[in-house]
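Examining the three-dimensional arrangement
The primary structure of each chain is shown beneath.
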2 protein chains.
Amino acid sequence: MAQRSGPDYRHKLTLRDVSEASGVSEMTVSRVLRNSGDVSEKTRAKVLEVARTLGYVPNKIAGALASNRVNLVGVIIPSLSNMVFPEVLMGISRVLDETPLQPVVGVTGYEPEKEEQVIFEMLSWRPSGLIVAGLEHTDAAKAMMRNAGVPIVEIMDVDGEPVDACVGISHERAGRETAREILARGYRKIGFLGTKMPLDHRARKRFEGFSSVLKDEGLSIVAEEYYSGGSALAKGREMTQAILAKAPDLDFLYFSNDMIGAGGLLYCLEIGIDVPGQLGLAGFNGVDLIDGLPRRLATLDSCRAEIGARAAELIAAAETTPKDASPQRIEISPIFAPGDTVRPK
Amino acid sequence: MAQRSGPDYRHKLTLRDVSEASGVSEMTVSRVLRNSGDVSEKTRAKVLEVARTLGYVPNKIAGALASNRVNLVGVIIPSLSNMVFPEVLMGISRVLDETPLQPVVGVTGYEPEKEEQVIFEMLSWRPSGLIVAGLEHTDAAKAMMRNAGVPIVEIMDVDGEPVDACVGISHERAGRETAREILARGYRKIGFLGTKMPLDHRARKRFEGFSSVLKDEGLSIVAEEYYSGGSALAKGREMTQAILAKAPDLDFLYFSNDMIGAGGLLYCLEIGIDVPGQLGLAGFNGVDLIDGLPRRLATLDSCRAEIGARAAELIAAAETTPKDASPQRIEISPIFAPGDTVRPK
DNA sequence: GTGAAAGCGCTAACAC
DNA sequence: GTGTTAGCGCTTTCAC
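Just so it is clear, the structure is predicted and the values come from calculations on it, not from any experiment. (Residues numbered from 1 in each chain as written. Chains lettered and ligands numbered in written order. Predicted model: local features only at pLDDT ≥ 70, side-chain atom pairs only at ≥ 80, totals over all residues. Heavy atoms only, no water.)

**Quick notes on the protein's contact with DNA strand D**
With respect to spatial proximity, 23 residues lie near DNA strand D, and among them Thr43 of chain A together with Met27, Ser30, Tyr56 and Arg69 of chain B are the closest. If you look at DNA strand D and keep only atoms within 4 Å of the protein, 63% of those are sugar or phosphate atoms. Contacts to DNA strand D include Ala62 of chain B, whose backbone N or O atom sits 3.4 Å from a base nitrogen. Contact distances for DNA strand D include 2.7 Å between a phosphate oxygen and a side-chain N or O atom of Arg69 of chain B. When contributions to the surface near DNA strand D are tallied by element, the ones reaching two or more residues are helix H2 (26-34) and helix H4 (60-67) of chain A together with helix H2 (26-34) and helix H4 (60-67) of chain B. (Near = heavy atom within 4 Å. Polar contact = N/O pair within 3.5 Å; in protein donor to acceptor, adjacent residues only side chain to side chain. Helix = DSSP H or I, 4+ residues; strand = E, 2+ residues; numbered from the N terminus.)

See below:
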């Protein structure tokens, strides 16, 4: 079999190799490869040609150490199995793609100790900034971030004290707003369905906001149902069946996310419940799956991609600007989308 | 407000700072921090104590340069918006979590040039290995990978020539197997619904395998429908409506993924089509959403998490073992899951 | 068990 | 426009 000729990357080539092969100093080669400083067109062309034929791949590790510039942004999220976080990543990527910065992802599994560890690992790469989901962290993690000397953006949530900047929605308010919309539409016997996750602070805050509005009206949640693991759609079905068995006179189900809400919706329609007349439904997140359901599920958008993008912009801006800007606190305020699963007001 | 006392990370601390503060040489501090070599328990305790109080965070950039060990694994995937790829990442993370290796993700948007660029960027970090989705790459990308001097694992697909190792399923075979199952169940007028993506080689291979079996039986695909962007569930609905309008006598719809299949299923049930009697449906991927649908959609599992895990194992193994092992070619063979949307044989 | 010296492959800073 | 020098913060190697 004929061996295609081409660059040979096998020997770990260094700048020195390119320098020798082109008869130009290492420094000039470095300048060409970074498009920095003035280099004559002739030299530049020669160097590029030699680098390409040799198959030279610069060593960013060495470059980063020498220049003290790493151009990495640490992104720390609790999970990848929940589509919400990949969507945040997309927002981040979209913005960072226009810059020299590159995201590096760490996953915590919703565990504070694991998060602390991931933050430590990230910081040991000396990144240009950190984007971390949530406002709740161990004291050690907060201390590390506070003293990291790089911009830290906590995302998804604004209910609390950020270490530095934050971008997100208020989940407390999201819960309250949903409750108000539901009550305004005349529903009174309300059930709640959520995840069995004490460390999902955002879900908890929505629940608290939601409950507090009910309480103000002299109401309370009539029944609850929780799940963990498995297909959220299937769990939504099962939980809906279970909660309606326990409390058949419910007139509303508030789901802590759209996927279980979708499962609940499919179940209700199948067994012939009149949605939204007899039973209203609402979820949370605003996932695009909703568009394909038999009815549009009522929901509140969690603005994932936008949050990711705004956070990335803050980090990118800190790279360019003198770092005297005061920490930002950006709250995005989504509005309730009633869809077809709540009665009109 | 009282300032909580604690480690001060502000001044970029170095080994030297820890060394001076503990009265131990930099070398010994380094040994303690890496658990390498023999250090007396007394010294070790003192160093750890000092490092912690100071809030020292080691600089991995410098460590990597000096030791020539980076412990990063580049993972290159086409997209994050398709849940398939985050699931691959989960399989990879699960395995790498047990090792010192850490995944770094790059996204190509299904563009070969972007992929080439991402591969170059990844290699410039001198990673311990690369996991790349697919077997199709530009010549330059293949050359870089061939000469990278680290293990390269191409994943998701085994229909072609890998640069080094590969782990995946045969999409050609997946298409053929699905076609055989469909024909064996008596369906004959078959429509195909897919994505408008010439660069999704795996979808193309499934289509080709599928078509070839039909052809062997003197049949062919009666109607086709394609989409791009938007909510896959909603697109599945729309396309199903459209294809049935064009070809009302179809008795089977083969969807190139489960999400559009699910949309199609919901649509068919809503308008009262007898599934699977009058019309059979099948998708591809085996997503867990299927469990929550009114009927279980027939599908073929693409084994995403397992593929990720196996690929990560190959990289991890290459780290420990002398690198003489011949390149592996691991084919996973999923079996057709008929669910409830095809007739019994 | 501990330390001293010599780099890893680049780039900042300055000289020419 | 180009070259020289001196590190970046660690780890390797070898001496003690």
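**Describing the protein's contact with DNA strand C**
In the vicinity of DNA strand C lie 23 residues, with Ser30, Tyr56 and Arg69 of chain A together with Arg31 and Thr43 of chain B positioned nearest. Here a phosphate oxygen of DNA strand C sits 2.9 Å away from a polar atom, N or O, in the main chain of Leu15 of chain A. Those elements that place two or more of their residues in the surface near DNA strand C are H2 and H4 of chain A together with H2 and H4 of chain B. Classifying every residue of the surface near DNA strand C by side-chain character gives 10 nonpolar, nine polar and four charged. (Nonpolar A, V, L, I, M, F, W, Y, C, P; charged D, E, K, R; others polar.)

**Overview of the packing of helix H1 (residues 15-22) of chain A against H2 of chain A**
Residues and elements named next belong to chain A. Between H1 and H2, whose axes approach to 8 Å, the crossing angle comes to 105°. Judged on the interaxial angle alone, H2 and H1 are roughly perpendicular. Mapping the contact onto sequence places Leu15, Arg16, Val18, Ser19 and Ser22 in H1 and Glu26, Val29, Ser30 and Leu33 in H2. Residue composition of the contact of H1 with H2, grouped by class: four nonpolar, three polar and two charged. (Axes fitted to C-alpha atoms, helices over the stretch in contact; angles between N-to-C directions. Parallel < 35°, antiparallel > 145°, perpendicular 65-115°, else oblique. Contact = heavy atoms within 4.5 Å.)

**Observations concerning the UniProt feature "domain: HTH lacI-type" (unreviewed entry) in chain A**
UniProt's feature table lists "domain: HTH lacI-type" (unreviewed entry) at residues 13-67 of chain A, given in the numbering used throughout. The distance separating the terminal C-alpha atoms of residues 13-67 of chain A is 20 Å; by composition the span is 71% helix and 0% strand. (UniProt positions renumbered as here; feature names shortened; annotations may be inferred.)

**Focus: the domain arrangement of chain A**
Along its sequence, chain A is carved into domain 1 (15-58), domain 2 (69-169 + 304-331) and domain 3 (171-300). Spacing between the C-alpha centres of domain 1 of chain A and domain 2 of chain A amounts to 36 Å. (Domains from an automatic or database assignment.)

**Brief notes about the relation of the copies chain B and chain A**
Superposing chain B onto chain A takes a rotation of 180° combined with a translation of 0.0 Å along the rotation axis, leaving an RMSD of 0.1 Å. Considering both components of the superposition, the chain copies are consistent with a two-fold axis. With an isologous cut-off of 70% or more, the 100% of interface residues of chain B that recur at the interface of chain A puts this contact in the isologous class. (Least-squares fit on C-alpha atoms with pLDDT ≥ 70 in both.)

**Some points on helix H6 (residues 112-123) of chain A**
The α-helix winds at 3.6 residues per turn, so residues separated by three or four positions along the chain end up facing the same way. In this model H6 of chain A runs 16 Å from its N-terminal to its C-terminal C-alpha over 12 residues, within 8% of the 16 Å that 1.5 Å per residue would give. When we look at burial in H6 of chain A, the residues that qualify are Glu115, Val118, Ile119, Met122 and Leu123 of chain A. Looking straight down H6 of chain A, one finds its buried side chains confined to an arc of 130°; they lie on one side. Those residues of H6 of chain A hidden inside the fold are in contact with strand E1 (72-77), strand E2 (102-107), strand E3 (129-133) and helix H7 (139-146) of chain A together with strand E2 (102-107) of chain B. (Expected span 1.5 Å × (residues − 1). Buried < 20%, exposed > 50% of the residue type's maximum accessible area, 1.4 Å probe, protein only. Arc of directions from axis to C-beta.)

**Considerations on the sheet that holds strand E4 (residues 152-157) of chain B**
Residue and element names in this part refer to chain B. In space, the six strands of this open sheet follow the order E2-E1-E3-E4-E5-E11, with parallel pairing throughout. Looking at strand neighbours, the two that pair on one side only are E2 and strand E11 (329-331), the edges of this open sheet. The mean inter-strand angle of the sheet, taken between neighbouring strand axes irrespective of direction, is 15°. Two strands pair when backbone bridges link them, and strand E1 (residues 72-77) and E2 are joined in this way by six bridges, in the parallel orientation. Each bridged residue has a counterpart across the sheet, and for Ile76 the counterpart in E2 is Gly106. (Pairing = 2+ DSSP bridges.)

**Quick look at the packing of helix H5 (residues 84-96) of chain B against helix H12 (residues 304-320) of chain B**
All names here are of chain B. Across the interface, H5 lies against H12 with an axial gap of 7 Å and an inter-helix angle of 40°. Accordingly, the angle class assigned to the pair H5 and H12 is oblique. For the element pair H5 and H12, the recorded crossing hand is right-handed. Side by side, H5 and H12 meet where Val84, Glu87, Val88, Gly91, Ile92, Arg94, Val95 and Leu96 of the first sit next to Arg304, Ala305, Gly308, Ala309, Ala312 and Glu313 of the second. Per-class residue counts for the contact of H5 with H12 are eight nonpolar, two polar and four charged. (Left-handed = near helix turned anticlockwise from the far one by under 90°.)

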